[in-house]
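Structure assessment
The residues making up each chain are set out below.
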Amino acid sequence: MSSSFPTPRDPARNAEHPLARAFASFTEAASSLERTYGQLQGQVAHLRQELEGTNRDLATSLEENHRIRERLRRILEGLPCGVLVIEAGARISTINPEAARLLGGSFESADALPAALSAALDLARQSGEEPELPLALPHHAKAAWVAIRHAWLEQSEARATSVFILRDVSEAKKLEQDREHLRRQQALVEMSALLAHEIRNPLGSLELFAGLLAEANLEAESHSWIEHVQAGLRTLSATVNNVLHLHNTPQPELAPTDAGQLLDWAYNFLLPLAKQAHVEMQIINGLNGITIHADRHRLEQVLLNLALNAFRFMPGGGWLSIRGADCASAGSEDEDDGVEIVVRDTGPGIVPTDLPRIFEAGFSTRDGSSGLGLAVCHRILEQHRGSIAVESRPGCGATFRLRLPRNRTTGAKHSSEHIVEPGVESGAQL
């Protein structure tokens, strides 16, 4: 007996079979997962690129921020004004080098600042004004004037931050004081010039009447008194003229002037003053017949100032020599080298440290002197395009050399010599 069995079927080929359906679902899920993974990889690569770009931008931003901070730090350190930043709680967070210099050092707390400075900071913060105060700096002889201005960086109660700008106004203060000094000096100059003008008129009358009395037929003793009066009037007149010449110096009235006659005048005019001062005077005139283009009145003032200056420094008597010489006749190659007048005395001399200053207005080493005489001499010689120089050693007298341009004239030249109280050698060591 034969029997037959059905042939078994492949479940995978049966789509309806549960195992086939499960396999198909797995395959679909795997494909979806693969697609999703691929998409995720693409997104990760994109995010990585974005992150790298962001990191580069951040690094660039940090580098730029560091560069800006460094630049701001250098600017802050290089500012010509001081910057002081005070945080809430009186903590000093910033103080640049100029502020440290003005304050005399670095501070971490506002409580450590000087009391006067703290008061000025509070005043600037509360009033909005710019107070100024002197601050004593170490290693400085004088206090520095500082102006303080305030600005709020943050004004909240919890984080109040004040910025103070400190300016060194010492130079401005000095200029202000100098202007005030010049203003007062100008007022004094105007007043002294006015007084000099007012004094000169009656002084001229006194000199005239004294001269008339000197020519009158009076006793010898009376003549001696008149000579003293004349000497005093001439000294006073020289002082008045110095004030006028120093503070009111119009251009000199130049005219042909006989230099020899100028020295002859000096002898006659200075003779009473020399006798009163017990000074032996010598005039060596090598300028007779030499004409110079000059203002004779002002050159007379120069010789008078030099003589009076010598007399005042020889209270116990001495020797004064005035010598005039033609520089061209002395062998100079310059045809118009000018003339030279040398004034020598046997006074105490001038110390080397004072030599550079003796022609400055107001400088004098003698109590009670106005210090105008030599300054006037220097100015008058400059106006004549000439020069004045001094040679001196302590204890050896002083020698003043005046150089003036001249106009050559024809004709013979001769010398004359006047000596008061003969016996003085013309070549005496000064």
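Structure first, text after, so check above.
No experiment lies behind these values; they were computed from the predicted model shown.

Things to note about the overall build of the protein
- A tally of helices and strands in the protein yields eight helices and 13 strands.
- Taken over 430 residues, the protein has a buried fraction of 33%.
- Pairs at least 24 apart in sequence give 65% of the contacts found in the protein among residues at least 6 apart.
- Entry remark: accessible area of the protein is about 26,800 Å², with carbon and sulfur atoms responsible for 54%.

Concerning the side chain of D295
- Position of D295 among the secondary structure elements: in the loop between β8 (291-294) and α7 (296-312).
- Once residues lying within four places of it in the same chain are set aside, the contact partners of D295 are P252, E253, L254 and H384.

Considerations on the pattern of salt bridges
- As enumerated under the stated definition, the model contains 18 salt bridges in all.
- Its salt-bridge partner being E70, residue R73 comes within 2.3 Å of it at the nearest N-O pair. In this pair, R73 and E70 both sit in helix α1 (residues 18-78), three residues apart, roughly one turn of the helix.
- Take R73: its relative accessible area is 37%, and that puts it in the partly exposed class.
- Here D122 makes a salt bridge to R125, at a shortest N to O gap of 2.8 Å. Of this pair, D122 and R125 both sit in helix α3 (residues 115-127), three residues apart, which is roughly one turn of the helix.

As for helix α6 (residues 259-276)
- Helix length check: α6, at 18 residues, gives a terminal C-alpha distance of 26 Å against a target of 26 Å (1.5 Å per residue), a fit within 8%.
- Along its length, α6 reaches its greatest deviation from straightness, about 45°, at L270, and the proline P272 lies no more than four positions downstream.
- Counting buried residues in α6 gives 13 out of 18 residues, a clear majority hidden from the surface.
- The N-cap of α6, judged by a side-chain oxygen 2.8 Å from the amide nitrogen of G260 a few residues on, is D258.
- Just past α6, the residue H278 takes up positive phi, approximately 60°.

Observations regarding the sheet that holds strand β1 (residues 82-87)
- Strand order across the open sheet formed by five strands is β2-β1-β5-β4-β3, with antiparallel pairing between neighbours. On the outer flanks of this sheet lie β2 (91-95) and β3 (132-135), each paired with one strand and no other. The average undirected angle you get between the axes of adjacent strands in this sheet is 30°.
- Pairing between β1 and strand β5 (residues 161-168): five bridges, direction antiparallel. By the bridge assignment, G82 is partnered in β5 with L166.
- On the sheet, α3 packs against β1, β3, β4 (144-154) and β5 and is oriented at approximately 50° with respect to β4.

Some remarks on unusual backbone geometry
- Phi angles above zero are rare outside glycine, and H278 is one such case at about 60°.
- Positionally, H278 belongs in the loop between α6 and β7 (279-285).
- You will see that R385, though not glycine, has its phi angle at about 60°, which is positive.
- Here R385 shows up in the loop between α8 (373-383) and β11 (387-392).

A short note on the packing of aromatic side chains
- Tallied over the entire structure, the rule returns two aromatic pairs.
- Their ring planes at 20° and their centres at 4.8 Å tell us that W265 and F269 sit as a pair that is stacked. Taken together, the positions of W265 and F269, both in helix α6 and four residues apart, correspond to about one turn of that helix. Taken as a pair, W265 and F269 share a single burial class, namely buried.
- With 6.5 Å between their ring centres and 80° between their planes, F359 and F400 make a pair best called edge-to-face. Residue F359 is located in the loop between β10 (339-345) and α8, and its partner F400 is located in strand β12 (residues 398-404); the two are separated by 41 residues in the primary sequence.
- Classification of F400 by relative accessible area gives buried; the value is 4%.

So, α7
- Compared with an ideal rise of 1.5 Å per residue, which puts 17 residues at 24 Å, α7 spans 24 Å between its outermost C-alpha atoms and is within 8% of the ideal.
- Among the 17 residues that make up α7, 13 are buried, leaving the element largely enclosed by the rest of the structure.
- The N-cap of α7, judged by a side-chain oxygen 3.2 Å from the amide nitrogen of H297 a few residues on, is D295.

Re the packing of α7 against α8
- Contact pair α7 / α8: the axes reach a minimum separation of 9 Å and the direction vectors enclose 150°. With respect to α8, the axis of α7 lies roughly antiparallel. Crossing of α7 over α8 shows left-handed handedness. Packed against α7, whose contacting residues are R298, L299, Q301, V302, N305, L306 and N309, the element α8 presents G373, L374, V376, C377, I380, L381 and Q383 at the interface.

What to know about the nonpolar core
- Of all hydrophobic cores here, the largest spans 49 residues; its most connected members are L270, L306, F311, L320, I341, F400 and L402.
- It is α6 that provides the largest number of residues to this core, a total of eleven residues.
- Among the nonpolar cores identified, the runner-up in size contains 19 residues, and I92, F107, L113 and L121 belong to it.

The rules behind each value
Residues numbered from 1 in each chain as written. Predicted model: local features only at pLDDT ≥ 70, side-chain atom pairs only at ≥ 80, totals over all residues. Heavy atoms only, no water. Helix = DSSP H or I, 4+ residues; strand = E, 2+ residues; numbered from the N terminus. Buried < 20%, exposed > 50% of the residue type's maximum accessible area, 1.4 Å probe, protein only. Contact = heavy atoms within 4.5 Å. Areas by Shrake-Rupley, 256 points an atom, 1.4 Å probe, with all protein chains shown as cover. Salt bridge = Lys/Arg side-chain N within 4 Å of Asp/Glu carboxyl O. Expected span 1.5 Å × (residues − 1). Bend = angle between axes of the 7 residues up to and from the residue. Polar contact = N/O pair within 3.5 Å; in protein donor to acceptor, adjacent residues only side chain to side chain. Pairing = 2+ DSSP bridges. Axes fitted to C-alpha atoms, helices over the stretch in contact; angles between N-to-C directions. Phe/Tyr/Trp six-rings, centres within 6.5 Å; stacked < 30°, edge-to-face > 60°. Parallel < 35°, antiparallel > 145°, perpendicular 65-115°, else oblique. Left-handed = near helix turned anticlockwise from the far one by under 90°. Core = buried A, V, L, I, M, F, W, Y, C linked by side-chain atoms within 4.5 Å.

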